[in-house]
Amino acid sequence: MSSKFLVDSHIHLFRDEHLSSLAWMTPENPLNGQHSIGEYLSSTSHSTISRRSLGFVFVETDRKCHLADDSGWKGPLEEFEFVYKAGTGKDLRYRDSAKAVLGIVPWAPLPKGRGAMQRYRAQLREISDEKNEGVKIRLLKGFRYLLQFNPPGFMLDGSFIDSLKWMGEEGYVFELTVDCRGKGLWQLEEAVELLKRAHGGVQEDKKVRLIVAHKDHLAKPDLQVAPKDLATNPFFSTWKTHLKSIAAFPNTYIKLSGAFSELPPALLEQQDKSREEWLANILEYVQPWVFAAIDIFGTKGAIWGSDWPVCTINGGKEKAWGLWAEITDRLLEARQLNELEKDSIWWGNALRAYQIEVEDGLHVGLVGSRI
């Protein structure tokens, strides 16, 4: 019997008053406007699949910041405060939806090494009012630092690696952000070396957990390649090779999310098609990449996420969340996974990767394998 739950492992939130603090925001940006918890929960109401959401993991939104000194952390710290207070009920505007916040993955100054990471966490602790140094900050699950805009070698710097080792020691997950299509497959190749160095000489239970996530969440594959051309496409084969190398390390995961931003726009705008034809065309493009990710990372390594609200840009606007859930549902059915394997992808792996406990009393020892 399926438990019929899901966890959304990747969403972003910002209120109207936060727009000027976002590094990427421009007046013409389609996301220029409030996208907070109320808007998110409203978007989930369009879903047609029979799964109940246990909640979501918030991932940082690239607030303006700098690494020159600790004063550059102001924007990300304010963002953490916003989501933390919403998730703990301290912000009364979100009192009724506080339980939906299962975890927070904020920005962190990884390039500055473990000393900076320790100072940064101390400031997060001050915001949280959880003063006991021996107890992990509630809702703080890991950290992210956008890598895709940086030159070769950046992620292999000694200070960056030392930050990852510290994160492993402290039990935090690292969200790997690369852009294979836009910047090159070398980023994924370098990520393999990053893991070698971060895990080198580290005892098994202290090795940092890593999720291949954003930009996009399958390491940004080239979904604009026609499916009929994938058999001979060098990008596809090299992408798979690097992912296999990453999946060989312990505690590594990949997010099944973010596909709408990479599909050919014309494919998503086929107004002349029936809904079933339209969905079939989308599935044809997405399926090879998703199936490859599941084959490589196994049903214990793939994690579902929506990438809301980014998914709304090219994926059906307010109905995008439900559309991606439906597409994923069809993909997992087509992959002929059993119900426990589906549950692992929909929610179990997210609880395991982010070390989330939920009140439903669910366990995360789900079956699954590297298939």
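Scroll up to find the structure this text is about.
Keep in mind the model is a prediction, meaning the values are calculated, not measured.

The rules behind each value
Residues numbered from 1 in each chain as written. Predicted model: local features only at pLDDT ≥ 70, side-chain atom pairs only at ≥ 80, totals over all residues. Heavy atoms only, no water. Helix = DSSP H or I, 4+ residues; strand = E, 2+ residues; numbered from the N terminus. Rg over C-alpha atoms; globule rule 2.2 N^0.38 Å. Buried < 20%, exposed > 50% of the residue type's maximum accessible area, 1.4 Å probe, protein only. Contact = heavy atoms within 4.5 Å. Areas by Shrake-Rupley, 256 points an atom, 1.4 Å probe, with all protein chains shown as cover. Lys, Arg positive; Asp, Glu negative; His and termini not counted. Charge placed at Lys NZ, Arg CZ, Asp CG, Glu CD. Pairing = 2+ DSSP bridges. Axes fitted to C-alpha atoms, helices over the stretch in contact; angles between N-to-C directions. Parallel < 35°, antiparallel > 145°, perpendicular 65-115°, else oblique. Left-handed = near helix turned anticlockwise from the far one by under 90°. Core = buried A, V, L, I, M, F, W, Y, C linked by side-chain atoms within 4.5 Å.

1. A word on the overall build of the protein
And step 1. Summing up its helical and strand segments, the protein has eleven helices and eight strands in all.
And step 2. Against the compact-globule benchmark of 21 Å for 371 residues, the protein has a radius of gyration of 19 Å, which places it among compact chains.
And step 3. Relative to its 371 residues, the protein shows a buried fraction of 58%.
And step 4. Of the contacts formed within the protein by residues at least 6 apart in sequence, a portion of 79% connects residues at least 24 apart.
And step 5. As displayed, the protein offers around 15000 Å² of accessible surface, 49% of which is attributable to carbon and sulfur atoms.
And step 6. Seen as two clouds, the 46 positive and the 50 negative side-chain charges of the protein have centres 3 Å apart.

2. A short note on the pairing of strand E6 (residues 209-213)
And step 1. E6 sits mainly inside the fold: five of its five residues count as buried.
And step 2. Here E6 shows a buried face lined by Arg209, Ile211 and Ala213 and a second buried face lined by Leu210 and Val212.
And step 3. Inspection of the sheet shows strand E5 (residues 173-177) paired to E6 by five bridges, in the parallel sense. Within the sheet, the bridge partner assigned to threonine 177 lies in E6 and is alanine 213.
And step 4. Bridge count between E6 and strand E7 (residues 252-256): three bridges; the pairing is parallel. Residue pairing in the sheet places leucine 210 in a bridge with threonine 252 of E7.

3. Section: the packing of helix H4 (residues 158-170) against helix H6 (residues 186-199)
And step 1. Remark: H4 packs on H6, axes separated minimally by 9 Å, with the N-to-C direction vectors making an angle of 60 degrees. In this view, H4 runs oblique relative to H6, as classed from their interaxial angle. Crossing of H4 against H6: the hand is right-handed. For the pair H4 and H6, the contacting residues are Phe160, Ile161, Leu164 and Lys165 in the first and Leu194, Arg197 and Ala198 in the second.

4. Some remarks on the environment of glutamine 123
And step 1. With respect to the helices and strands, glutamine 123 occurs in helix H3 (residues 114-128).
And step 2. On a C-alpha basis, the gap between glutamine 123 and tryptophan 73 in space is 9.6 Å, while along the polypeptide they are 50 residues apart.

5. A closer look at the nonpolar core
And step 1. Of all hydrophobic cores here, the largest spans 117 residues; its most connected members are Leu110, Phe143, Met167 and Phe174.
And step 2. With 14 residues, the top contributor of residues to this core is helix H9 (residues 275-297).
And step 3. Ignoring any residue separated from it by four or fewer positions in sequence, one finds phenylalanine 174 in contact with Leu110, Phe143, Tyr145, Leu147, Phe160, Leu164, Met167, Val208, Arg209, Leu210 and Ile211.
And step 4. Listed in part, the five residues of the second largest apolar core include Phe14, Leu22, Met25 and Leu31.

Note that every value here comes from positions in space, so none of it alone points to a role or purpose.
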